[in-house]
Amino acid sequence: MNGVHRTTTGTDEALEDELLTLALEAARRAGALLVEGRPADLGVAATKSSSIDVVTEMDLASEKLITGYLSERRPEDGFLGEEGASSEGSSGVRWVIDPIDGTVNYLYDLPSWAVSIAAEVQGEAVVGVVAVPMRSETFRAVRGRGAYLGERRLAGRPSPALEQALIGTGFGYLADRRAAQAEVLRSLLPRVRDIRRGGAAAVDLCDVAAGRLDGYYERGINHWDYAAGALIAREAGALTGGRPGAPLSDDLAVAAPPGVFEPLQGLLEELGAWHD
Ligand code: IPD
């Protein structure tokens, strides 16, 4: 024995622990930077474009902080980040980063925005951290070892019938996509308890994990929006996927506990939620 403990999923536990510790600290630092660095009058800045520029600056600064922190400690790792970080690396580990998920919430000083960091080993997410600084919450998961919010192990909530389910969703930025998403919603809304549009996909996925939503779906989110949150949802017992039989992808993301997942996914297929 060399002292390396392999988990049931084949990754070594010490590596997972190291990646988790680094992701937590990087997310904490980025969250602090974003809270402290956000000008108080950002939401009412003189022109729309100037406030958006400040958000872009903060997005870039957050990604730079995270990639700088991680690459200093693990120089062989690869990166994929919303603000352009993209490198293969040579260690088999790749970090997938959304430096601000919920940018519009951040702009308007609504609390639901997050720093999302996942570590993938050989293409599979093994660690996920979603920090939501304005809620003082940090969600985390390690593949095969559960999802947590602080000390609380997350286990979703018992599944209601779809008609009683509170479903989160989101909308893309392009007008044509939004029109198609509105059509899907028009048919879905009368068939569920209600709809929530929180404004940050990573937070929506964590809310499924925490039992604050019965399910979530969205077309067109990016890898960095869901890499950490989907792992956290799965580790809390939710199922994740795309179209029936397909994994969660940029085309369609669905997450819900068993019992809600299947009818929701089936209905979304019927309604064509996977195309514009
Ligand atoms: C967005 C948020 C939003 C979702 C959009 C995403 P961003 O991410 O997650 O909830 O509806 O599709 O693009 O741009 O704020 O990182």
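Enquirer: Got a minute to help me understand helix α7 (residues 261-271) in this structure?
Expert: The α-helix winds at 3.6 residues per turn, so residues separated by three or four positions along the chain end up facing the same way. What α7 keeps buried is the set Phe261, Leu264, Gln265, Leu267 and Leu268. With its buried residues spanning 165° around the axis, α7 presents them on a single face. Buried positions along α7 lie against β9 (166-169), α4 (175-188), β11 (215-218), β12 (239-241) and β13 (253-256). Trailing α7 by a residue or two, glycine 272 shows a phi angle of about 70°, which is positive.

Enquirer: Which parts of the structure should I look at to understand the site of the ligand?
Expert: In the neighbourhood of the ligand, 16 residues make up the surrounding shell, with Asp101, Gly102, Thr103, Tyr173 and Glu218 lying closest. Between an oxygen atom of the ligand and a main-chain N or O atom of isoleucine 100, the distance comes to 3.2 Å. For the ligand, an oxygen atom lies 2.7 Å from a polar atom in the side chain of aspartate 101. Here the ligand, which alone exposes 380 Å², has 95% of that area covered by the protein.

Enquirer: For this particular structure, what's the right way to read the pairing of strand β1 (residues 78-81)?
Expert: A regular strand places its side chains so that they alternate between the two faces of the sheet. Side chains of β1 alternate between two faces, with Gly78 and Leu80 and Phe79 and Gly81 buried alike. Summarising the sheet, β1 and strand β3 (residues 93-101) pair through four bridges and their orientation is parallel. Each bridged residue has a counterpart across the sheet, and for phenylalanine 79 the counterpart in β3 is tryptophan 95. In this sheet, strand β2 (residues 86-87) lies alongside β1 in antiparallel orientation, the contact comprising two bridges. What sits directly across from phenylalanine 79, in β2, is serine 87.

Enquirer: Explain the domain arrangement of the chain here, please?
Expert: It is common to report an interface's size as the accessible area lost on association of the parts. The domain architecture assigned to the chain consists of domain 1 (10-153) and domain 2 (162-271). Here domain 1 and domain 2 have C-alpha centroids that lie 21 Å from each other. If you look at the interface, domain 1 gives 39 residues, while domain 2 gives 21 residues. Taken over both partners, the interface formed by domain 1 and domain 2 buries close to 2,000 Å², and the fraction arising from carbon and sulfur atoms is 62%. Looking only at domain 1, the three residues that lose the most surface to domain 2 are Asp101, Val130 and Phe139, adding up to 22% of its buried area. Inspection of the domain 1/domain 2 interface yields two salt bridges.

Enquirer: What should I look at first to understand the packing of aromatic side chains in this one?
Expert: Two numbers describe a pair of aromatic rings. These are the distance of the centres and the angle of the planes. All told, the structure shown has one aromatic pair when counted by the stated rule. Across the ring face of tyrosine 106, the terminal group of arginine 38 is positioned such that the distance to the ring centre comes to 5.7 Å. Arginine 243 extends its terminal NZ or CZ atom over the ring of tryptophan 274, reaching a point 3.5 Å from the ring centre.

Enquirer: Whenever I open this one, the side chain of glutamate 218 confuses me. Can you help?
Expert: With respect to the secondary-structure elements, glutamate 218 resides in strand β11. Although glutamate 218 lies buried, it forms no salt bridge, and the closest oppositely charged side chain, arginine 197, sits 5.0 Å away as judged by the N-O distance. In this structure the side chain of glutamate 218 is engaged in a polar contact, spanning 3.5 Å, whose partner is the backbone nitrogen of glycine 170. In this structure glutamate 218 touches Thr169, Gly170, Phe171, Gly172, Gln181, Ala201, Leu252 and Ala253, once residues within four positions along its chain are discounted.

Enquirer: Hey, could you run me through unusual backbone geometry in this one?
Expert: Negative phi is the rule for most residues except glycine; trans is the rule for most peptide bonds. With a phi angle near 50°, glutamine 122 is a residue other than glycine that sits in the positive phi range. Within the secondary structure, glutamine 122 is located in the loop between β4 (114-121) and β5 (124-132). Located in the positive-phi region is serine 136, a residue other than glycine, with phi close to 50°. Topologically, serine 136 is positioned in the loop between β5 and β6 (137-142). A residue is classified by how much of its surface remains accessible, and serine 136, at 70% relative accessible area, is exposed.

Enquirer: Just checking my understanding: could you explain the layout of surface pockets for this structure?
Expert: By rolling a water-sized probe across the atoms, one finds the places where empty space is left. As a volume, the largest pocket reaches approximately 490 Å³. If you go around the largest pocket, you meet 27 residues; those closest to its centre are Phe171, Tyr173, Arg197, Glu218 and Asp225. Mapped by element, the contributors of at least two residues to the lining of the largest pocket are β3, α3 (103-108), α4, α5 (201-209) and α6 (223-235). Residues of the lining of the largest pocket, tallied by class, amount to nine nonpolar, eight polar and ten charged. Looking at which domains feed residues into the lining of the largest pocket, each of domain 1 (10-153) and domain 2 (162-271) gives three or more. Considered as a void within the structure, the second largest pocket measures approximately 260 Å³ in volume. Lining the second largest pocket, in full, are Glu120, Gly123, Glu124, Ala125, His223, Tyr226, Ala227, Ala230, Arg234, Thr240, Pro247 and Leu248. Listed by contribution, the elements that provide at least two residues to the lining of the second largest pocket are β5 and α6.

Reading the values: rules and limits
- Residues numbered from 1 in each chain as written.
- Predicted model: local features only at pLDDT ≥ 70, side-chain atom pairs only at ≥ 80, totals over all residues.
- Heavy atoms only, no water.
- Buried < 20%, exposed > 50% of the residue type's maximum accessible area, 1.4 Å probe, protein only.
- Helix = DSSP H or I, 4+ residues; strand = E, 2+ residues; numbered from the N terminus.
- Arc of directions from axis to C-beta.
- Contact = heavy atoms within 4.5 Å.
- Near = heavy atom within 4 Å.
- Polar contact = N/O pair within 3.5 Å; in protein donor to acceptor, adjacent residues only side chain to side chain.
- Areas by Shrake-Rupley, 256 points an atom, 1.4 Å probe, with all protein chains shown as cover.
- Pairing = 2+ DSSP bridges.
- Domains from an automatic or database assignment.
- Buried area = accessible area lost by both parts, 1.4 Å probe.
- Salt bridge = Lys/Arg side-chain N within 4 Å of Asp/Glu carboxyl O.
- Phe/Tyr/Trp six-rings, centres within 6.5 Å; stacked < 30°, edge-to-face > 60°.
- Lys NZ or Arg CZ within 6 Å of the ring centre and 35° of its normal.
- Lys, Arg positive; Asp, Glu negative; His and termini not counted.
- 1 Å grid on protein atoms, 1.4 Å probe; cavity = no way out; pocket = protein on both sides within 12 Å on 5 of 7 lines; lining within 4 Å.
- Points joined across faces, edges and corners; volume = space filled by probe spheres on them.
- Nonpolar A, V, L, I, M, F, W, Y, C, P; charged D, E, K, R; others polar.

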